Amino acid sequence: LVATRLVSCVESMALPSTGDEAVKMDSDGADGDATANDDKPRCPGGARIAVASGPFTCTCDSSYEPLEELLAQFDGQSNEVDALVLVGPFVDAEHPSVAGNALPITFEELFAAKPRAMIEAFTEKNAQTTVIVIPSVRDVCEPFVF
């Protein structure tokens, strides 16, 4: 998959408490706090969410550099997000080292030493960001979500 558009925010909309009330919207579809004349959309009360899908390794090694670079994008104040959703595979069944059983450690040990350790270090430094990890059908050490 290739990203064709970056959405900087999703407007938050309060739902009415009864069927008789209506949600008031500006003519451009934004809620009352955002202005239609701004070049950059503002998300008062909205959530900033980033989603990334694995595999998070290159086929030539198991260094997890792509995951490290991804986490660095959201590390600190410059590109802060409220939630980071990471969709596996984290230990990919189709990776040459995994498929060929060429790893000197178990799949669980690899997951603990690399992706889990990197994600835990990220969350310690970025407590404002909730990280959601969703295994893939190609993950060898975690039950997948379908």
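First, a word on scope: everything that follows refers to the structure included in this document. From a predicted model like this one, the values you see are computed outputs, not experimental measurements.

Right, let's talk about helix α3 (residues 107-125) for a bit. With 19 residues, α3 should cover 27 Å at 1.5 Å per step; its first-to-last C-alpha distance of 26 Å lies within 8% of that length. In the structure, α3 departs most strongly from a straight axis at R116, where the bend amounts to approximately 40 degrees. Those residues of α3 that are buried lie in contact with α1 (65-73), β2 (83-87) and β3 (130-134).

Strand order in this open sheet of 3 strands is β1-β2-β3, and the pairing throughout is parallel. Edge positions in the open sheet fall to β1 (49-53) and β3, since each of these has one partner strand only. Ignoring which end each strand starts from, the neighbouring axes of this sheet average 15 degrees apart. Pairing of β2 with β3 involves 5 bridges; the strand directions are parallel. When the bridges of β3 are listed, L86 appears paired with V133. Its contacts with the sheet place α3 against β2 and β3, and it is angled at close to 160 degrees to β3.

Our next topic: unusual backbone geometry. P55 follows G54 through a cis peptide bond whose omega is 15 degrees. Within the secondary structure, P55 sits in the loop between β1 and α1. In the Ramachandran plot, Y64 falls in the positive-phi region, its phi being about 60 degrees despite a non-glycine side chain. Mapped onto the elements, Y64 comes out in the loop between β1 and α1. Despite not being glycine, N101 shows a phi value in the positive range, around 50 degrees.

Attention now goes to the side chain of H95. For H95, the position within the fold is in the loop between β2 and α2 (96-99). There is a polar contact of 3.1 Å between the side chain of H95 and the backbone nitrogen of S97. If we skip the residues at most four places from it in the chain, H95 touches T57, C58, T59, D61 and S62.

Turning our attention to α1. Of the residues making up α1, those classed as buried are L67, L70 and L71. Projected onto a plane normal to the axis of α1, the buried residues spread over an arc of 95 degrees and lie on a single side. Exposed residues lying more than 90 degrees from the buried face of α1 are E69 and A72. In this structure, the buried side of α1 is in contact with β1, β2 and α3.

So, how was this worked out
Residues numbered from 1 in each chain as written. Predicted model: local features only at pLDDT ≥ 70, side-chain atom pairs only at ≥ 80, totals over all residues. Heavy atoms only, no water. Helix = DSSP H or I, 4+ residues; strand = E, 2+ residues; numbered from the N terminus. Expected span 1.5 Å × (residues − 1). Bend = angle between axes of the 7 residues up to and from the residue. Contact = heavy atoms within 4.5 Å. Pairing = 2+ DSSP bridges. Axes fitted to C-alpha atoms, helices over the stretch in contact; angles between N-to-C directions. Polar contact = N/O pair within 3.5 Å; in protein donor to acceptor, adjacent residues only side chain to side chain. Buried < 20%, exposed > 50% of the residue type's maximum accessible area, 1.4 Å probe, protein only. Arc of directions from axis to C-beta.

Shape descriptors only; they carry no functional weight alone.
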